[in-house]
Amino acid sequence: MPSPAPTSAARTAVLHTTLLEWYAANARDLPWRGECTPWGVFLSEVMSHQTPVARVEPIWRQWLERWPTPTHLADDSPGEGVRAWGRLGYPRRALRLHEAATVMRDDFGGQVPRSEADLLALPGVGPYTAAAVAAFAYGLRTTVVDTNIRRVLARAIEGKALAAPAVTRAEMDLAASLVPDDPATAAVWNVAVMELGALVCTARLPRCGDCPLLDQCAWVAAGQPTYAGPARRSQAWHGTDRQVRGAIVQLLREAPGPVTRRALEAAGEDAPQVDRCIDSLVADGLVEPLARNRFRLPR
DNA sequence: GACTCGTGGTT
DNA sequence: TAACCAAGAGT
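Residues numbered from 1 in each chain as written. Chains lettered and ligands numbered in written order. Predicted model: local features only at pLDDT ≥ 70, side-chain atom pairs only at ≥ 80, totals over all residues. Heavy atoms only, no water.

A. How the structure looks around the environment of Ile248. Structurally, Ile248 can be placed in helix H13 (residues 241-254). Among residues more than four places away in sequence, those in contact with Ile248 are Leu264, Ala267, Val274, Cys277, Ile278 and Leu281. (Helix = DSSP H or I, 4+ residues; strand = E, 2+ residues; numbered from the N terminus. Contact = heavy atoms within 4.5 Å.)

B. Quick look at the nonpolar core. With 49 residues, the main nonpolar core has Trp39, Phe42, Trp63, Leu119 and Ile248 as its most contacted residues. Contributing elements (two or more residues each) for this core: helix H2 (38-47), helix H3 (53-66), helix H4 (70-75), helix H5 (78-85), helix H6 (92-107), helix H8 (127-138), H13 and helix H15 (271-284). Here the element with the most residues in this core is H6; it accounts for six residues. Counting residues domain by domain, this core receives three or more from each of domain 1 (38-138) and domain 2 (241-296). Membership of the second largest hydrophobic core comes to 34 residues, among which are Leu153, Val179, Leu213 and Trp219. (Core = buried A, V, L, I, M, F, W, Y, C linked by side-chain atoms within 4.5 Å. Buried < 20%, exposed > 50% of the residue type's maximum accessible area, 1.4 Å probe, protein only. Domains from an automatic or database assignment.)

C. Just the domain arrangement of chain A, in detail. The assigned domain composition of chain A is domain 1 (38-138) and domain 2 (241-296). Computed over C-alpha atoms only, the centres of domain 1 and domain 2 are separated by 25 Å. Listed per partner, the contact involves eight residues of domain 1 and ten residues of domain 2. Of all residues in domain 1, the largest losses of buried area upon contact with domain 2 belong to Arg83, Arg92 and Leu95, amounting jointly to 49% of the total for that side. (Buried area = accessible area lost by both parts, 1.4 Å probe.)

D. Spotlight on the protein's contact with DNA strand C. Taken together, 27 residues lie around DNA strand C, and Trp32, Gly124, Thr129, Asn148 and Ser234 are the ones closest in. At the protein interface, 60% of the atoms of DNA strand C within 4 Å belong to sugar or phosphate. For DNA strand C, a phosphate oxygen lies 3.3 Å from a polar atom in the side chain of Arg151. Between DNA strand C and the protein, one listed contact pairs a base oxygen with a side-chain N or O atom of Arg204 at 2.8 Å. (Near = heavy atom within 4 Å. Polar contact = N/O pair within 3.5 Å; in protein donor to acceptor, adjacent residues only side chain to side chain.)

E. Broad picture of the packing of H13 against H15. Between H13 and H15, the least distance of the axes is 9 Å, while the angle of their chain directions is 70°. Classed by the angle they form, the pair H13 and H15 counts as roughly perpendicular. Within the contact between the two elements, H13 uses Asp241, Val244, Arg245, Ile248 and Val249 and H15 uses Gln273, Val274, Arg276, Cys277, Ile278, Ser280, Leu281 and Asp284. Residue composition of the contact of H13 with H15, grouped by class: seven nonpolar, two polar and four charged. (Axes fitted to C-alpha atoms, helices over the stretch in contact; angles between N-to-C directions. Parallel < 35°, antiparallel > 145°, perpendicular 65-115°, else oblique. Nonpolar A, V, L, I, M, F, W, Y, C, P; charged D, E, K, R; others polar.)

F. Summary view of the protein's contact with DNA strand B. Near DNA strand B you find 17 residues, and of these Arg87, Pro91, Arg92, Arg242 and Arg245 are the closest. A share of 62% of the atoms of DNA strand B within 4 Å of the protein falls on sugar and phosphate groups. At 2.6 Å from a phosphate oxygen of DNA strand B is found a side-chain nitrogen or oxygen belonging to Arg245. Element by element, the count of residues in the surface near DNA strand B is highest for H13, at four residues.

G. Representation of the pattern of salt bridges in the model. By the definition in use, this model includes 17 salt bridges. With a closest N to O distance of 2.7 Å, Glu80 and Arg66 form a salt bridge. A residue pair is termed long-range when its members are at least 10 positions apart, and Glu80 in helix H5 and Arg66 in helix H3 qualify at 14 residues. Across the pair Arg105 and Asp106 runs a salt bridge, and its minimum N-O distance is 2.8 Å. According to the relative accessible area criterion, Asp106 is partly exposed, its value standing at 48%. A cluster of three or more residues bridged by salt bridges with shared partners is formed by Arg66, Asp76, Glu80 and Arg83. (Salt bridge = Lys/Arg side-chain N within 4 Å of Asp/Glu carboxyl O.)

Encoded structure:
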């Protein structure tokens, strides 16, 4: 008599047990896990957008020391946030953190909102961050979907090498179907899947030999097929507006006071491009124009 | 959906 | 070495 095929619910239960045990034994000791204010969690999530944890940690510590609550940040100038952002990348995040902190100060009694909907309405907060903060700061049951979780589920459940370039509805539904019912367990589940993706089920060279899901992994069972989706456009860098904008903001970060347009031209080879980038930075609110062709970080 | 937006480590 | 890629969001 062959044993009956395990039900979907039974397989999910095994998945939960396996991964939660793995996480308990292998989770990194990140400073924003465990004892940390919701504000600390919020900062860590925004700083981690497209940014490796190792680069986030020192900036995160400096921000929390300098601005221990949303109100402290809101009462300072946005430009100081951009300056303290250092070279974390995507400095608009610093600007939006300041805006979000202002909303928290003015509309939420200086607290980080609890509900996913209120979080989602904050500037710089999208579906990932809203779900992550609700789960990791407040222990609410949400469905967190980030690039790690998408990759783990694509492989382990769907047997694909990588997830699609953009989040799909099917991915959201799949992720939601796997979240445990109990809120506290759900929060750990979300971070456990992320952690597996970050440490073991990595994009380039997955360490399948160390994976707790090895014998339940659909991708391994399928012979680890390679990525079959559309080619991903590689990000150009040299000579792009991105590079020039970054150099302009860096010049302003390093300067104690206003900087002339002439000095900012050092940010690129092509003067018209630098001028165009200055304009776009001003439009974005990252740079404040002053009289006589001088510029500074926003006050 | 396709594009844009920084930065630096890894391969 | 150039390409890849890292806890996304906004337009």
